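# Summary of structural features
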Amino acid sequence: MAPGVTNSFGIMRNFIRFIIRYHFLFLFLLFETFCFYLLINYNHRHQETFINSSGKVVASFLEISGTFKDYVSLRRANEELSRENALLRTQIPENIPSISEPKLARQESDDLFIYQYRAGKVINNSVHRAHNFITINKGSKHGIAPEMGVISARGLVGIVRHVSPNYSTAISLLNNQFRVSAKLRDSNYFGVLEWDGKSYQHAILTEIPGHAPVSTGDAIVTSGYSTIFPEGILIGTIEDYQLHQGEGFYEIRVKLSVDFKNLTYVEVVEKTSGEEQKQLENLMQND
Amino acid sequence: MINTLGKYIFHFIVIILIQVLILNNLNLSGYINPFLYVIVLLTLPVEMPGWLLLLAGMITGLIIDAFLNTIGVHASAGVFLAYLRPYFLRYLAPREGYEPGSLPTPSHFGFVWFFKYVLLAVFAHHLFLFIIEVFTFEGILRTIWKTIVSTIFTVGFIMIAQLFSGSKKKAF
């Protein structure tokens, strides 16, 4: 036999031996590649996947565990509902003092009609991960669609991400991917609110200019500039703040008004005239 | 053989239900989340072929992911654990090697051996899991702290779970 043939045969055999020797490692890398493909696809392109908690099987399991939790938290749920009742009662037209500024009151009530609210119940929720989600027991059958806002009686909660016929999942405010335009209620200076992943009771408000009047205890509300949330939904109160000397912007730590550990009933907000604004804004981005 | 497989599937379903219905709702001081479900992967037979281990790791992870909305996070951690398991077992092997058909459980190798095995495996799994979950090395100290605390709780839960299922002698 010619030496060249033996040689290439030997290389081939060594190669096969190499593959067999390390087949477990190669298999491992193959599996991990697939997992990372799922991970990156899901987190960075916000694509619809089959495997999420608005899926039918998973959601019905969660609803079972939700019913157990309901009994335990009935008292708190009652408190929450009566709080909401009180809030709604204050908004009845008869209770709004319209003698001094009748025109302004009219405008406000007109503005409220643009939004539609649908009540839902939280059947799954988390607060201690980097990406927290909420599953709600209402879905596309009930008129819920992605990119709608989620609020509770105490304030802002999240944004709907995925919808199935009977359920929907929302990204919680406690999620690294969550951003919302927020402002100081008293002075209307606005900035961006994000979660820093540290505590389920706090979020960070940035981009408030240095000359804005800021003091602890001030209320932070939604700005209403996005098509998702109405103006003036409570987010929380200022706990502490610092002014970055070089940049001239405040970094404000906000104590969230919503207790994310005890979330039972929420409302999904739809801005019915929002489509037009969104189309107009998309036009600007495309140019 | 069928009987053993059936037992595994039953075991699997019970553990997964405990994980998703009870433990996932447990918020102990913010960031402690015990992941009891890794016990399913840890107690598979010693001689289980590698590809089946990896597959089991991925499927278990994906089921947990479905409940937590974390697609890929637990799946990749499960695969990682399945990959490391044979090395841990080799490292902890008794001097005369493993008998055919043995299970890595306290009833086969004793409580101390099992504790060491679980501690090693759970720590590796949780470290990988929390790094993937954050996806950056930004808060590495925080991630390690989270890993240590959660490892303690997961190991605790696994040891308790073994007390309930450990009474029966060798399964084969």
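Let us look at the structure shown here. (Residues numbered from 1 in each chain as written. Chains lettered and ligands numbered in written order. Predicted model: local features only at pLDDT ≥ 70, side-chain atom pairs only at ≥ 80, totals over all residues. Heavy atoms only, no water.)

Here we take up the overall build of chain B. Of regular secondary structure, chain B possesses seven helices and zero strands. Scanning chain B from its N terminus toward the C terminus, one meets helices and strands in the order α-α-α-α-α-α-α. Here chain B, with 172 residues, has 51% of them falling under the buried criterion. Long-range pairs, those at least 24 residues apart, make up 70% of the contacts in chain B with a sequence separation of at least 6. (Helix = DSSP H or I, 4+ residues; strand = E, 2+ residues; numbered from the N terminus. Buried < 20%, exposed > 50% of the residue type's maximum accessible area, 1.4 Å probe, protein only. Contact = heavy atoms within 4.5 Å.)

Once that is clear, we can look at helix H3 (residues 50-68) of chain B. When the terminal C-alpha atoms of H3(B) are compared, their 27 Å separation across 19 residues agrees well with the 27 Å that a helix rising 1.5 Å per residue should span. Just beyond H3(B), the residue with positive phi is Asn69(B), at close to 60°. (Expected span 1.5 Å × (residues − 1).)

Here the focus is the nonpolar core. In this structure, Leu42(B), Leu54(B), Tyr117(B), Val118(B) and Ile158(B) are the most contacted members of the largest nonpolar core, which totals 62 residues. Residues in contact with Leu42(B), not counting those within four places in the same chain, are Leu81(B), Arg85(B), Pro104(B), Tyr117(B), Val118(B), Ala121(B), Val122(B) and Ile158(B). In terms of nonpolar packing, the next biggest core, distinct from the first, is built from 45 residues, Tyr115(A), Ala170(A), Val214(A) and Ile228(A) among them. (Core = buried A, V, L, I, M, F, W, Y, C linked by side-chain atoms within 4.5 Å.)

In spatial order, the strands read E1-E2-E5-E4-E3-E12 (chain A); together these six strands close into a barrel with antiparallel pairing. Direction aside, the axes of adjacent strands within the sheet are offset by 45° on average. (Pairing = 2+ DSSP bridges. Axes fitted to C-alpha atoms, helices over the stretch in contact; angles between N-to-C directions.)

A few words now on the interface of chain B and chain A. Each side of the interface is counted separately: chain B has 37 residues, and chain A has 34 residues. Overall, the association of chain B and chain A removes approximately 3300 Å² of surface from exposure, summing both partners, and the carbon and sulfur fraction of that is 70%. Together, Phe67(B), Asn69(B) and Ile71(B) form the three largest contributors to the area buried by chain B at its contact with chain A, with a combined 22%. The tally of links between chain B and chain A comes to zero salt bridges. For the pair chain B and chain A, the number of links is two residue pairs in polar contact (both at pLDDT 80 or more). Among the secondary structure elements, those contributing two or more residues to the side of chain B that touches chain A are helix H1 (2-22), H3, helix H4 (73-91), helix H6 (111-134) and helix H7 (140-165) of chain B. Tallied by class, the residues present in the side of chain B that touches chain A amount to 25 nonpolar, nine polar and three charged. (Buried area = accessible area lost by both parts, 1.4 Å probe. Salt bridge = Lys/Arg side-chain N within 4 Å of Asp/Glu carboxyl O. Polar contact = N/O pair within 3.5 Å; in protein donor to acceptor, adjacent residues only side chain to side chain. Nonpolar A, V, L, I, M, F, W, Y, C, P; charged D, E, K, R; others polar.)

Residues and elements named next belong to chain A. With respect to the helices and strands, Ala-59 occurs in helix H3 (residues 56-72). Classification of Ala-59 as buried rests on a relative accessible area of 0%. Through-space distance from the C-alpha of Ala-59 to that of Asn-124 is 8.6 Å; in sequence the pair is 65 residues apart.

Right, let's talk about the side chain of Ser172(A) for a bit. Within the fold, Ser172(A) resides in strand E5 (residues 168-175). Sequence-distant contacts of Ser172(A), that is, excluding residues within four places in its chain, are made with Asn132(A), Phe133(A), Ile134(A), Val157(A), Gly158(A), Phe178(A) and Phe260(A).

What follows covers the environment of Thr264(A). Residues and elements named next belong to chain A. Relative to the helices and strands, Thr-264 is located in the loop between strand E11 (249-256) and strand E12 (265-271). The buried category is assigned to Thr-264, whose relative accessible area is 11%. Each C-alpha atom of the pair Thr-264 and Val-122 lies 5.2 Å from the other, and the pair is 142 residues apart in sequence. In this view, Thr-264 contacts Ser-73, Ala-77, Gly-120, Lys-121 and Val-122; residues no more than four positions away in its chain are not counted.

Further remarks concern the environment of Trp51(B). Note that Trp51(B) resides in helix H3. Residue classification places Trp51(B) among the partly exposed positions, given a relative accessible area of 47%. Note: C-alpha distance between Trp51(B) and Ala82(B) (31 residues apart in sequence) is 9.2 Å. For Trp51(B), the residues in contact, after removing those within four places along its chain, are Leu27(A) and Phe31(A).

This part takes up empty space enclosed by the protein. Empty space among the atoms can be located by rolling a probe the size of a water molecule over them. This structure, assessed with the given rule, holds four cavities of 30 Å³ or more. One number sums up the size of the largest cavity: a volume of about 110 Å³. What lines the largest cavity is a set of 14 residues, and nearest its centre among them are Asn124(A), Ser126(A), Arg129(A), Phe67(B) and Leu68(B). Residue assignment for the lining of the largest cavity shows that the elements contributing at least two residues are strand E1 (115-125) and strand E2 (131-136) of chain A together with H3 of chain B. Of the residues forming the lining of the largest cavity, the biggest block, three residues, is contributed by E2(A). Roughly 60 Å³ of internal volume is contained in the second largest cavity. Here the lining of the second largest cavity takes three residues from H6(B), the largest share from any one element. The residue makeup of the lining of the second largest cavity, split by class, is five nonpolar, three polar and three charged. (1 Å grid on protein atoms, 1.4 Å probe; cavity = no way out; pocket = protein on both sides within 12 Å on 5 of 7 lines; lining within 4 Å. Points joined across faces, edges and corners; volume = space filled by probe spheres on them.)

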